[in-house]
Amino acid sequence: MASIRIENLSKVYKDGTVKAVDSLSLEIKDKEFVVLVGPSGCGKSSTLRMIAGLEEISEGKIWIGDRLVNDVPAKNRDIAMVFQNYALYPHMTVFENMAFGLKLRGYPKVEIEKRVHEAAEILNIQRYLNRRPRQLSGGEHQRVALGRAIVRKPKVFLFDEPLSNLDAKMRVQMRAEIHKLRTRLQTTFVYVTHDQTEAMTMGDRIVVMKSGVVQQVAEPMSIYDKPANKFVASFIGMPPINLMKGVLVKKEKKYYFDEGKFRVKLMDEMGSCMASYVGKDVIFGIRSEDIYDKIFVSESSPENTIRVTCDVVEPLGSEVFLYLNSGKNSFIARVGAHNRPEVNKDMEVVFDMSKVHFFDPDTEATII
């Protein structure tokens, strides 16, 4: 098994005009599952391909274990990569696809058969070994691609958006399969995705990227509860965090966020952190699950209760999304399935002010 250490890694394309990865530094522990997440074009796949040796490094250094691998060919890095398109050979059987890499490396036939059957048992695809890819479903393709990586017994597994071609139900199932695989193999996983749900449910740590730059590295719930900036707060979470511009006001030693159509009081302990922003613009953030219909709240204060119009009620089975309008801003509340107010009617909602975030409008960094 192996750790990965990356120092000041950069990747420049198109004669230096496009910097896909910009001075990325990261340490991944042995047996850790790290997820690189971000929108398309953020540099996550370029980073993974440089770790794999499939992309040339423009600047920086990569160690796998104690070995500097900048100039080590991909085939000698002791890694295995699972791609988005699975890259199975259509003319080969499942067994032959899984065995192909081992044959190229000159493994004995007995060892190849042993490893392929072991991997097939782990993934429950023994009955497919004599089939060809065209006879398999999407999820079965994915299992074969995983099996081809497992037989290598590499130090590091690299995954490049492996579930993006699957339907929603199959993605959930394969996430569970990869979890079980990780537990059984006990090796290092680096996983790239644009899907924040995959990132939150699978990673020991998440690396959030934007425009080639790392925005935050932390455990999933730490990123969710304590985002480093506005981008991280809005990218992680579904639906995205509600963001509103307004002014910070101080009155009689109390601090308020004034949105223009409503005003809510900050928690007393937030005041010292926000004092320098009094009279200035700030960005207020609150997640949908931290907004409640006042009818269902046993205790509330006028200082964190606002009147809004309910534009849309969207039932989703176990929960309901309420699309609300303050007259200046639109935002979403996520409430229980029993909560269905009338559309186009005014209602009162309560903000959980212990859960709110504030961001600097210029730097977009988190204030609190």
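The text that follows walks through the structure, step by step, so that each part is easy to find. Worth saying up front: this structure is predicted, and the values here are computed from it rather than measured. Each chain carries its own residue numbering, running from 1 in the direction its sequence is written. Note on the predicted model: pLDDT of at least 70 is required for a residue's local features to be given, and 80 or more for side-chain atom pairs to be given and counted; whole-chain, interface and lining totals, by contrast, use all residues. Hydrogens are left out, water is left out, and the side-chain values use all remaining heavy atoms of the structure.

### A word on the packing of aromatic side chains
And then number 1: Two aromatic rings from Phe, Tyr or Trp, using only the six-membered ring of Trp, form a pair when their centres are within 6.5 Å; if the ring planes differ by under 30 degrees the pair is stacked, by over 60 it is edge-to-face, and anything between is tilted. Tallying each qualifying case throughout the model produces 15 aromatic pairs.
And then number 2: With a centroid separation of 5.4 Å and 10° between ring planes, the pair formed by Phe159 and Phe189 is classed as stacked. Taken together, the positions of Phe159 in strand β7 (residues 156-160) and Phe189 in strand β8 (residues 188-193) put the pair 30 residues apart, joining distant regions of the chain. We note that Phe159, like Phe189, is buried.
And then number 3: One aromatic cluster is present, formed by Phe257, Phe262, Phe284, Phe331, Phe351 and Phe358 through successive ring pairs. Strands here are runs of E lasting at least two residues and helices are runs of H or I lasting at least four, both read from the DSSP assignment and numbered beginning at the N terminus. Using a 1.4 Å probe on the protein chains alone, a residue whose accessible area is under 20% of its type maximum counts as buried, one over 50% counts as exposed, and one in between counts as partly exposed.

### Examining helix α4 (residues 138-150)
And then number 1: Expected span of a helix, by definition, is 1.5 Å for each gap between consecutive residues, and there is one gap fewer than residues. For α4, which comprises 13 residues, the first-to-last C-alpha distance of 18 Å matches the rise-based estimate of 18 Å (1.5 Å per residue) to within 8%.
And then number 2: Counted residue by residue, α4 has 11 buried out of 13 residues, so it is predominantly covered.
And then number 3: As for α4, its buried residues are in contact with β6 (79-82), α2 (94-104), α3 (109-123), β7 and α5 (168-185). Any two residues having at least one pair of non-hydrogen atoms within 4.5 Å are treated as being in contact.

### Topic: the sheet that holds strand β13 (residues 263-265)
And then number 1: With respect to topology, five strands assemble into an open sheet ordered β13-β12-β11-β14-β20, the strand pairing being antiparallel. Edge strands, defined here as strands with exactly one partner in the open sheet, are β13 and β20 (357-359). On average, adjacent strands in this sheet sit at an angle of 40° to one another, irrespective of strand direction.
And then number 2: Bridge count for strand β11 (residues 242-251) against strand β12 (residues 254-258) is five bridges, and the pairing is antiparallel. Directly across from Val249, in β12, lies its bridge partner Tyr256. By this definition, two strands are paired if DSSP reports at least two bridges between them. Lines fitted to C-alpha atoms define the axes, with helix axes restricted to the stretch in contact, and inter-axis angles between N-to-C directions lie between 0 and 180 degrees.

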